[in-house]
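Spelled out, the chains give:
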Amino acid sequence: MGYAAIYSTDAIEAHRAFIARRRALRPADEYRTVTPEEWGEFLGHFERRKLALGDCGRAYGTDCAHEHACVRCPVLIVHATERPRLVEIRDNLLTRILEAEREGWLGEIEGLQSSLTHAEEKLDQRDAQISRKQESVDLGIPTFREIVARTTAAATPPGPA
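As the structure is a computational prediction, the values presented were derived from the model and not from experiment.

Engineer: What is the right way to read the overall build of the protein chain from this model?
Structural biologist: Helix and strand counts for the protein chain stand at five helices and two strands. Ordered by position from the N terminus, the helices and strands of the protein chain form the series α-α-β-β-α-α-α. For the protein chain, the proportion of its 161 residues judged to be buried stands at 17%. Long-range pairs, those at least 24 residues apart, make up 47% of the contacts in the protein chain with a sequence separation of at least 6. Surface summary for the protein chain: the accessible area is close to 13,300 Å², and the carbon and sulfur share equals 56%.

Engineer: Would you take a moment to explain the pattern of salt bridges for this structure?
Structural biologist: Side chains that carry opposite charge are capable of pairing whenever their charged atoms lie near each other. Scanning all chains against the criterion turns up six salt bridges. The shortest N-O distance in the salt bridge between Arg48 and Glu41 comes to 2.9 Å. Among the salt bridges present, the one from Arg83 reaches Asp127, with a minimum N-O distance of 2.5 Å. Here Arg83 is found in helix α3 (residues 83-103), whereas its partner Asp127 is found in helix α4 (residues 106-134), with 44 residues between them in sequence. Assessed through its relative accessible area of 29%, Asp127 is described here as partly exposed.

Engineer: What is the right way to look at the side chain of Lys122 in this model?
Structural biologist: Structurally, Lys122 can be placed in helix α4. Glu121 provides the closest opposite charge to the buried, unpaired Lys122, separated from it by 6.0 Å. Within polar-contact distance, the side chain of Lys122 engages the backbone oxygen of Cys73 at 2.7 Å. The contact partners of Lys122, leaving out residues within four places of it in the chain, are Cys70, Val71, Cys73, Pro74, Leu76, Val78 and Leu86.

What counts as what
- Every chain is numbered independently, its residues counted from 1 as its sequence is written.
- Residue-level local features of this predicted model are given only where pLDDT is at least 70; pairs of side-chain atoms are given and counted only at 80 or more, and the full residue set underlies all totals for whole chains, interfaces and linings.
- The side-chain figures draw on all heavy atoms in the structure; neither hydrogens nor water molecules are used.
- In this description a helix means any DSSP run of H or I spanning at least four residues, a strand means any run of E spanning at least two, and both kinds are numbered starting from the N terminus.
- Exposure is judged per residue with a 1.4 Å probe applied to protein chains only, and the accessible area is read against the type maximum: over 50% gives exposed, under 20% gives buried, and values in between give partly exposed.
- Contact criterion: two residues are considered in contact whenever any of their non-hydrogen atoms come within 4.5 Å of each other.
- Computed with the Shrake-Rupley method and a 1.4 Å probe, the accessible areas treat only the protein chains shown as cover for residues.
- Any carboxyl oxygen of Asp or Glu that lies within 4 Å of a side-chain nitrogen of Lys or Arg is treated as forming a salt bridge with it.
- Positive charges come from Lys and Arg, negative ones from Asp and Glu, while His and the chain ends are left out of the count.
- A 3.5 Å cut-off defines polar contacts: any pair of N or O atoms within that distance qualifies, except that in protein one atom must be a possible hydrogen donor and the other a possible acceptor, and neighbouring residues in sequence count only when both atoms are side-chain atoms.

Here's what the structure looks like:
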């Protein structure tokens, strides 16, 4: 069996060579310098993802699949400070469902129920995150008293026989 010493510079050079080989297979215009307009559009993407309840986590260049009904969206990241607003939305949905039932708007009820379910899920997720942050975790590290209290009994030397 042989032994090979791998140095970090060797690993870095091998990775760079791999990237160079992969780039050689792609069209050169994919690696051009980004224009200021393109860079501004990219940064603007993140600004446009800021919502009343938090941030939309969808990928760059993608459209909103939920037609901006963000409370239904699984990629909505609700900020901790927006919990009261989410409770207000949930309560409003409950009121609107009662109104729709009273008026017989069956098509409206279905959409509102879906939004209500998602709002409650988001509240549960937010509450779980809050409770996880407030919990202390026992790492099992011994206290000073436990460390100091340990003594070993010295063996008594045998007496003359």
